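# Coordinate analysis (summary)
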Amino acid sequence: MAIIEVSNLKKSFGDLDVLKNVSFEVNKGEVIAIIGPSGSGKSTMLRSLVHLEEVNDGTIRIQDEFLVQSGVYPSNKKLKQITARMGMVFQHFNLFPHLTVAKNLELAPKYVKGESEELVRQKSAELLKKVGLADKADVHPGKLSGGQKQRVAIARALMMNPDILLFDEPTSALDPELTGEVLQVIKQIAEENMTMLIVTHEMGFARDVADRVIFMDNGEVIESGTPEQIFNRPKVERTRAFLNRVLH
Ligand code: ADP
Ligand code: MG
């Protein structure tokens, strides 16, 4: 059974149909790159998966639970249980500026999950080491580069032990020389069998780490396939035209 099943998702903002019958499945451990032009609905789709947006119709199943079923949402308690299995990393990091790096990591596990001070300390130290920032535990985010901030945001998402990680253009706000260090960390997590959906404009990275690439345009999934198929032999003219634009 797929770990994520999305079917016939529809979302509009006023008159604007942003998601038109979006359907796809993700298997456990799969790394999916989502590509497509700006405004095609990629962020809205990702945000719908973690209930930052409510869809108008369609179904999202996460593991064995329905986040929304034919447009109907369950209780808030149920929604929290389901979304707690997912971590999200945003383009603009969203760190708390007044807290140290370690406290940024420890806040949610401590206050949302009730984990002990000792446990969250140990986990934050471990995860900061994993993203190469063991020496930054006690500094404030303002002292960090964009690449370092994004690595902190990734460590913070991992603190909640998610089964699924979602990334919305994790390197788009970074200076080009800082994207590599962030992509390297994401790649390392991908290699540990995490299920991941990554919205990205980094086509080389998508080709390198994704098991499957989904191309979205104008609120629809136009085509999905292996990186090899999508990048070398796209079936749909719109995919070909988009890749021509971004690769040349
Ligand atoms: P992408 O991430 O692919 O660039 P988005 O999902 O952010 O696309 O946006 C898809 C469309 O929905 C865009 O036309 C955008 O302007 C519109 N949109 C997104 N969020 C809102 C909102 N909260 N209110 C109105 N329109 C929105
Ligand atoms: Mg977006």
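Refer to the preceding data block for the structure.
The rules behind each value
Starting afresh in each chain, residues are numbered from 1 along the sequence in its written order. All chains are assigned letters beginning at A, and all ligands numbers beginning at 1, according to the order in which they are written. Only residues with pLDDT of at least 70 get local features here, since the model is predicted, and only at 80 or more are side-chain atom pairs given and counted; chain-wide, interface and lining totals rely on the full set of residues. Excluded from the side-chain calculation are hydrogens and water; included are all heavy atoms of the structure. The secondary structure listing takes helices from DSSP runs of H or I that are at least 4 residues long and strands from runs of E that are at least 2 residues long, numbered from the N terminus. Put simply, the radius of gyration uses C-alpha atoms, and a globule should come to 2.2 Å times the residue count raised to 0.38. Relative accessibility decides the category of a residue: with a 1.4 Å probe and only protein chains considered, values under 20% of the type maximum give buried, values over 50% give exposed, and everything between is partly exposed. We call two residues in contact whenever any of their non-hydrogen atoms come within 4.5 Å of each other. Buriedness for pockets is judged along seven lines, at least five of which must meet protein on both sides within 12 Å for an open set on the 1 Å grid over protein atoms alone, while cavities are sets there where a 1.4 Å probe fits but cannot get out, and lining residues have an atom within 4 Å of a point. Grid points are joined across faces, edges and corners, and a volume is the space filled by probe spheres set on the points. Under the convention adopted here, Pro, Cys and the residues Ala, Val, Leu, Ile, Met, Phe, Trp and Tyr are nonpolar, Asp, Glu, Lys and Arg are charged, and Gly plus all remaining residues are polar. Between any two strands, at least two bridges found by DSSP are needed for them to pair. Angular values range over 0 to 180 degrees, each being the angle between N-to-C directions of two axes fitted as lines to C-alpha atoms, with helices fitted over their stretch in contact. Nearness of a residue to a molecule or strand requires only that one of the residue's heavy atoms be within 4 Å of it. Areas reported here follow the Shrake-Rupley algorithm with a probe of radius 1.4 Å; residue values treat only the protein chains shown as occluding. When we speak of the arc, we mean the arc of directions from the helix axis to the C-beta atoms. A carboxyl oxygen of Asp or Glu within 4 Å of a side-chain nitrogen of Lys or Arg is what we treat as a salt bridge.

## Considerations on the overall build of the chain
The helix and strand inventory of the chain stands at nine helices and 10 strands. Relative to its length of 248 residues, the chain is compact, with a C-alpha radius of gyration of 18 Å against a globular reference of 18 Å. Projected onto its principal axes, the C-alpha positions of the chain cover 50 × 45 × 35 Å. Counting every position in the chain, which comprises 248 residues, the buried fraction comes to 54%. Across the chain, the fraction of contacts at a sequence separation of at least 24, relative to all contacts at a separation of at least 6, is 62%.

## Regarding the layout of surface pockets
Volume-wise, the largest pocket comes out at about 750 Å³. For the largest pocket, the lining is made up of 24 residues, of which Thr-83, Met-86, Gly-87, Met-88 and Met-160 are closest to its centre. Counting residues per element, the lining of the largest pocket draws most heavily on helix α3 (residues 101–111), at five residues. A breakdown of the residues in the lining of the largest pocket according to their chemical character gives 17 nonpolar, four polar and three charged. There is about 210 Å³ of room inside the second largest pocket. Contributing to the lining of the second largest pocket are 16 residues, with Ser-38, Gly-39, Ser-40, Gly-41 and Lys-42 lying nearest its centre. Mapped by element, the contributors of at least two residues to the lining of the second largest pocket are β2 (16–26) and α1 (42–49). Grouping the constituent residues of the lining of the second largest pocket by class yields four nonpolar, eight polar and four charged.

## Describing the sheet that holds β2
Taken together, four strands build an open sheet; the order of strands is β2-β1-β4-β5 and the sheet is antiparallel. Lying at the two open borders of the sheet, with one neighbouring strand each, are β2 and β5 (65–68). On average, each strand axis in the sheet is tilted by 25° relative to the strand beside it, whichever way the strands run. Relative to β2, strand β1 (residues 4–13) runs antiparallel, the two being bridged by eight bridges. Considered in β2, the bridge of Ile-4 is made with Val-26. Against the sheet, α1 touches β1, β2, β4 (57–62) and β5, its axis set at about 60° to β2.

## A short note on the site of ligand 1
As a structural note, the neighbourhood of ligand 1 is formed by Phe-13, Leu-16, Val-18, Pro-37, Ser-38, Gly-39, Ser-40, Gly-41, Lys-42, Ser-43 and Thr-44. In the complex, the protein chains occlude 59% of the 560 Å² of accessible area that ligand 1 would expose alone. Counting only elements with at least two residues in the shell around ligand 1, the list comes to β2 and α1. Top contributing element to the shell around ligand 1 by residue count: α1, with three residues. A per-class count over the shell around ligand 1 returns four nonpolar, six polar and one charged.

## Some words on helix α9 (residues 237–247)
All of the buried residues along α9 are Thr-239, Phe-242 and Leu-243. Relative to the axis of α9, the buried residues are bounded by an arc of 95° and lie together on one face. Exposed residues lying more than 90 degrees from the buried face of α9 are Glu-237 and Arg-245. As for α9, its buried residues are in contact with β3 (31–35), α7 (203–209), β9 (212–217), β10 (220–225) and α8 (227–232).

## Some remarks on the pattern of salt bridges
The tally for this structure, following the rule as stated, stands at 18 salt bridges. Residue Arg-238 is joined to Glu-220 by a salt bridge in which the shortest nitrogen-to-oxygen separation is 3.7 Å. Here Arg-238 is found in helix α9, whereas its partner Glu-220 is found in strand β10, with 18 residues between them in sequence. Residue Arg-238 is classed as partly exposed on the basis of its relative accessible area of 37%. On the accessibility criterion, Glu-220 (30% relative accessible area) is partly exposed. Residues participating in the shared-partner salt-bridge network are Lys-103, Glu-106, Lys-110, Glu-117 and Arg-121.

## Brief notes about α3
Residue pairs spaced three or four apart in an α-helix point in one direction, given the helix's 3.6 residues per turn. Of all the positions in α3, only Val-101, Ala-102, Asn-104, Leu-105, Glu-106 and Pro-109 are classed as buried. Where α3 is buried, its residues contact α4 (117–130) and α5 (146–158).

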